[in-house]
Amino acid sequence: MKNSMFSLILAIFFCSVDSLAQEQVGQRLSETFVRQKLDDAIQQYRILIPQVPDGFFPSTYRKDDDSLGLVESKSWVSGFYPGTLLYLYEYSGNDDLLAEATKRLNLLEKEKNNTGTHDLGFMLYCSFGHALRLTGSPDYERVLLTGAESLASRYHPKAGCIRSWDTNAATDQWQFPVIIDNMMNLEMLNWASRFSGNQTYQVISERHANTTLENHFREDNSSYHVIDYDTLSGKVRHKHTHQGAHHESAWARGQAWGLYGYTMMYRDTQKESYRQQAKKIADFILNHPNLPADKVPYWDLSIAPEANTPRDASAAAITASALLELSGYVAEQEKETYEKAAEQMIFSLSQTPYSVETGACGGFILDHSTGHLPANREIDVPLSYADYYYVEALTRYLRMLQGKPIIAYPKY
C-alpha cells in the first residue's frame, strides 16, 4: 500500500511538471532564472561538502537510510564532484568551492596512470580539464597528458576502438566490448593531440568515432549500448545492452552519450559526418513518442511507460547540454528546435520533483535519475553526473545569454 501511494504521488508530481512544461514551451529562460538555479546549486553543495569524508567522492544519495553513496578515485564517476565544484567556482568566484575541488583533485590524480579503464575522460577531463582551464597550471597539463596516454593504451587497431571493459575469456560473453558511453572519453584525446602536437591521439579518437558510427546505430538512429568485436578479424560479434531494457532498446542515457559525443567530435574536427550523426540522434530523441511533455525521459525510451516507470534526470541533463552546443552548428530552424528543447529540459529539471528542496538529499541538486535498473542499482535517486551535466547546461545557457561562446576551452 505504501509503495502504491508513493507511485500515485509521484505520478501526480510528474503530471504537474508536464503541465508546467507545456506552458514553458517557446519561452527563453531569463538570466535571473539561470543565476538563481546556480546559486541554489551552490547552496546545496555547501551542504554536501562537509559530509564527504576524506578519501572519497560522493556518487549518490540513499533515500532509504539517509546516507551518501561514496566511491573511491578509481570509480568512473569520481571526476564529476570536483568538476561540478569547478563549474560553480567559475560562476561564483567562491574560494571555498575551489579549495574543495582542489582537495579532491589531489586524491584523483593517481588515476592518470590507470590503464584498466576507458573512463579516464570522465574521471580526468571533467575535473582536471576544468582546473586547467581556470588556473592554467602546468601540473594539470601533465595529468591530462599522462591520462590520455593511459587511455590510448586501450586502443585495438584491428577492432578500431578503445576497449571499454576488460573481460575474462573463461566467463564473459564478450571478447572486446565497446559501449556508446566511450564516445565521451574521446574529448581528452582530442585535447591531448592539440596540446602536444602528437597526432596519434587524434587518429585513435577519430577511428573510434568512425567505427562506432558504423556499428553502433540502427536505421532509426538509435544506439545499441554494447558492441562486441572480434580482436582477430575486427568484425562485430554481438550487439547487446547492459543497462537498457533489452538488446534492441534505446537506453535513454546511451542516446544522450551518443548525442553529446558526436556533437563534441564535430566541434573538435569540423567533420560533417559527426555533425550529421549528432543531428540524427537529436531528432530521434526529440521525436520519440515515449518522450514526455517535460522532456525528461524515462530510463529507456523503447519501453511503454507506466505511472511508476523511473525517469532519468541525468539523461535529460546530458541531452540539454549537448543540444545547446549543437544548436550553434546548425541552420536557423534547427537551432530554434534544439534551443527550445534544451530550455524545456533545463526548466523541467529546475522544478519539483526533479530539483531537490534546500537541505534535502544530502546536498545533491537533482533527484529522479536512474543509474542501472537491470542491476537494481541507483534507481530513482540523485546521481553525481546528473548534477554535473545540469550545472554544465546552466553554465552554457548563461554564456549563450551573455553572447559568449558556450564552450570554454582548456589551454592548448
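So, here's what we can say about the structure. Quantities reported herein were computed from a predicted structural model and do not represent experimental measurements.

**Focus on the pattern of salt bridges**
Next up, step 1: Under the counting rule described, the total for this entry stands at 26 salt bridges.
Next up, step 2: In this structure, Glu-100 and Arg-104 form a salt bridge, with 2.9 Å as the shortest nitrogen-oxygen distance. Of this pair, Glu-100 and Arg-104 both sit in helix α4 (residues 95-108), four residues apart, roughly one helical turn.
Next up, step 3: On the basis of relative accessibility, which here comes to 1%, the residue Arg-104 falls in the buried class.
Next up, step 4: One salt bridge in this structure joins Asp-228 and Arg-237, with 2.4 Å as the shortest N-O distance.
Next up, step 5: Since its relative accessible area comes to 0%, Asp-228 is described here as buried.
Next up, step 6: A single salt-bridge network, built from bridges that share partners, covers Glu-187, Arg-267, Glu-325, Glu-392 and Arg-396.

**Some details on the environment of Lys-235**
Next up, step 1: Mapped onto the secondary structure, Lys-235 falls in the loop between β6 (226-229) and β7 (236-240).
Next up, step 2: For Lys-235, a relative accessible area of 59% translates into the label exposed.
Next up, step 3: In the structure, Lys-235 is positioned 20 residues away from Asn-215 in sequence and 9.7 Å away in space, judged by C-alpha atoms.
Next up, step 4: Once you skip the residues sitting within four places of it in the chain, Lys-235 turns out to touch Asp-228, Tyr-229 and Asp-230.

**Some details on the packing of helix α9 (residues 199-215) against helix α11 (residues 272-286)**
Packed helices, taken two at a time, are described by the angle their axes make and the gap between the axes.
Next up, step 1: The geometry of α9 relative to α11 is characterised by a closest axis approach of 11 Å and an angle of 45° between their N-to-C directions. It follows that α9 is oblique to α11 by the angle criterion. Classified by chirality, the crossing of α11 by α9 is left-handed. Each of Glu-206, Ala-209, Asn-210 and Leu-213 in α9 lies in contact with α11, whose residues at this interface are Ser-273, Tyr-274 and Gln-277.
Next up, step 2: Class assignment for the residues of the contact of α9 with α11 results in three nonpolar, three polar and one charged.

**Details of the sheet that holds strand β5 (residues 177-179)**
Next up, step 1: Spatially, three strands are ordered β5-β6-β7 in an open sheet, and the strand pairing comes out antiparallel. Of all strands in the sheet, those bounded by a partner on one side alone are β5 and β7. Geometrically, the sheet is characterised by an average inter-axis angle of 20° between neighbouring strands, direction not taken into account.

**Observations regarding the packing of α9 against helix α10 (residues 252-269)**
Next up, step 1: Remark: α9 packs on α10, axes separated minimally by 12 Å, with the N-to-C direction vectors making an angle of 140°. By the angle class used here, α9 and α10 are oblique. Of the two possible hands of crossing, α9 and α10 adopt the one that is left-handed. Together, Gln-202, Ser-205, Glu-206, Ala-209, Thr-212 and Leu-213 of α9 and Tyr-262, Met-265 and Thr-269 of α10 make up the contact between the two elements.
Next up, step 2: Considered class by class, the residues forming the contact of α9 with α10 number four nonpolar, four polar and one charged.

Criteria and cut-off values
Residues numbered from 1 in each chain as written. Predicted model: local features only at pLDDT ≥ 70, side-chain atom pairs only at ≥ 80, totals over all residues. Heavy atoms only, no water. Salt bridge = Lys/Arg side-chain N within 4 Å of Asp/Glu carboxyl O. Helix = DSSP H or I, 4+ residues; strand = E, 2+ residues; numbered from the N terminus. Buried < 20%, exposed > 50% of the residue type's maximum accessible area, 1.4 Å probe, protein only. Contact = heavy atoms within 4.5 Å. Axes fitted to C-alpha atoms, helices over the stretch in contact; angles between N-to-C directions. Parallel < 35°, antiparallel > 145°, perpendicular 65-115°, else oblique. Left-handed = near helix turned anticlockwise from the far one by under 90°. Nonpolar A, V, L, I, M, F, W, Y, C, P; charged D, E, K, R; others polar. Pairing = 2+ DSSP bridges.

Purely spatial values, then, with no claim about function.
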